[in-house]
Structure formats: C-alpha cells, structure tokens
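# Coordinate inspection notes
Below are the chains, spelled out letter by letter.
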Amino acid sequence: MKILIVDDEEPIRELIKYNVEKEGFLTFQAENGTSALNLARDQKPDIIILDLMLSDMSGLDVCRVLKNDSKTTHIPIIMVTAKTEDSDIVAGLELGADDYITKPFSPKVLIARIRSVLRRIQEAAKAEKDSNNINREIVVHNLRIIPLKHEVYVDNNLVQFSATEFAILEYLASHTGQVFSRKQIINEVNGDSYPVTERSIDVQILSIRRKIEQNLKKSTGSDSIIETIRGVGYRMKEPDDQTDQ
C-alpha cells in the first residue's frame, strides 16, 4: 500500500512517514499542493494524507482538483489540519475527503484512521463481486441509494458523498425509525476500535444534511429526514406513507 503525505512542514511529514512505514506502508512526500497533484497522478497512491495549510495553495483546493479528476477521484483522502472550525471540516468532507484528524494527533489514532478508510474501500470492492447485491437499492423519502455503485440520488439528482458519509447514510436508511447513538454509528461504520470523537459524527451528519437539502427540488428540511434525538443520537425518520418512497 502506498501513501502520499502532503504537508509543508518537514518534521510533520517525517513523523507521519516514520509511523506509517513502521506499519508496513510505503510512503512518498509532497511539501506543497502542486507537487501533491503531480505525485498523485503519477504514483497513484492508495491513500493521501493531506494538510489543509500549504504554501502555494490550500489543501481544500488540492482536494477539489483530485476529486474532479477521473484519474484520482477514487483515491481516499484523510485531511490533517490545525483548523477545528466545523466550516473548514465540513468543506473538506463535502469536497469528497473521507476523514479528518486535527493537530496535534496521536500516531496511533492516525494509523487507525488509515486502516479504517482502507478497510471501507476493500469492503466496497468485495461487495462489487457479490452478485446478491447487484440489484439492491434503498429507496426512502427523496433518496435512492445504490450500494453497489456507491451512488445516492436526491430527487433524481446524483449527489457525491464521501465514503464515510455514504456508509452513515446507508446505515440510517437501512434502519428507518431506529435511533442510534453516535458510538453505535461509529462502531458500525468504522469498527469498534476506531478512536473518533462523537463530534466527528455530528460533523458528518451536518455535511450529509447539507448535501441532501441543496439537491431537493422542494425543501422539506433535511433535519426532518435525519432527526437528532437529544441526549441519544440520530435516526432516519420513517416515511409517513408510501408516497414518500
């Protein structure tokens, strides 16, 4: 497995390099956005660890370019950032990043994030070989979810969701009416050893809601589709009747 490390600070690049190579991964590095784009296209890494604060362009711009390029759009991206504002994190997730981690971070947490993202990619590839899933679709409210193709249609508009967002949305849509705690969602989507804060799930849900709302022909309030149950967690509301489906 090859990992591209993108950060303008050499000590951080070397710290990440040391820890991921200890786990058996191959690495190569970029100190700015331009170099990162060139290396991603030439080397085809299995995953990119991307800092948002770069010298020549923002990490968000790098993410946007990669996700809009057919040669690199499939490469999972983990954002590493000192920024903790929800708007920055949501912006990255909405562009297609798969996960994020804030500085300072534990190397063990970073490795866990890498393995979690790679596991989801491998599971998706395995699902493509499962003939039982070929025609499976989830239709609820204004959504049509096609797990095999990793596609979501909102009012017949194809909407892009990151791997994590897709997994959360599929899970909730498969269990309408059931309430899940943040921890339950984390365990289902990422595995019970995944060291993530509950705030991460809140950010992912916020991003999912925004994407749904932006693509509805007539706003019905995406908050009413994925409901927050105070003190407990989240659920996807059951359709009132078959016309919602």
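In the block above lies the structure referred to throughout.
Residues numbered from 1 in each chain as written. Predicted model: local features only at pLDDT ≥ 70, side-chain atom pairs only at ≥ 80, totals over all residues. Heavy atoms only, no water.

So, about the sheet that holds strand β8 (residues 151-154). In space, the 4 strands of this open sheet follow the order β6-β7-β8-β9, with antiparallel pairing throughout. Each of the sheet's edge strands pairs with one partner strand only, and the pair in question is β6 (138-140) and β9 (157-159). Within this sheet the neighbouring strands show an average axis-to-axis angle of 20 degrees, counted without direction. When strand β7 (residues 143-146) meets β8, the two strands line up antiparallel, connected through 4 bridges. The residue bridging Leu143 from the neighbouring strand is Val154, located in β8. Sheet strands in contact with helix α6 (residues 163-173) are β6, β7 and β8, and its direction is about 115 degrees off that of β7. (Pairing = 2+ DSSP bridges. Helix = DSSP H or I, 4+ residues; strand = E, 2+ residues; numbered from the N terminus. Axes fitted to C-alpha atoms, helices over the stretch in contact; angles between N-to-C directions. Contact = heavy atoms within 4.5 Å.)

The end-to-end C-alpha distance of helix α1 (residues 10-22) is 18 Å, a good match for the 18 Å that 13 residues give at a rise of 1.5 Å each. Gly24 sits one or two positions beyond α1 and adopts a positive phi of about 95 degrees. (Expected span 1.5 Å × (residues − 1).)

On the secondary structure map, Asn68 appears in the loop between α3 (59-67) and β4 (77-81). Since its relative accessible area comes to 65%, Asn68 is described here as exposed. (Buried < 20%, exposed > 50% of the residue type's maximum accessible area, 1.4 Å probe, protein only.)

Moving on: the packing of aromatic side chains. When we look at a pair of aromatic rings, we describe it by the centre distance and by the angle of the planes. Here the structure, examined in full by the defined rule, presents 1 aromatic pair. Here Tyr171 and Phe180 contribute two aromatic rings whose centre-to-centre distance is 4.6 Å and whose plane-to-plane angle is 40 degrees, an arrangement assigned as tilted. The two residues Tyr171 and Phe180 agree in class, both being buried. Positioned over the ring face of Tyr153 is Arg144, at 4.5 Å from the centre of the ring. (Phe/Tyr/Trp six-rings, centres within 6.5 Å; stacked < 30°, edge-to-face > 60°. Lys NZ or Arg CZ within 6 Å of the ring centre and 35° of its normal.)

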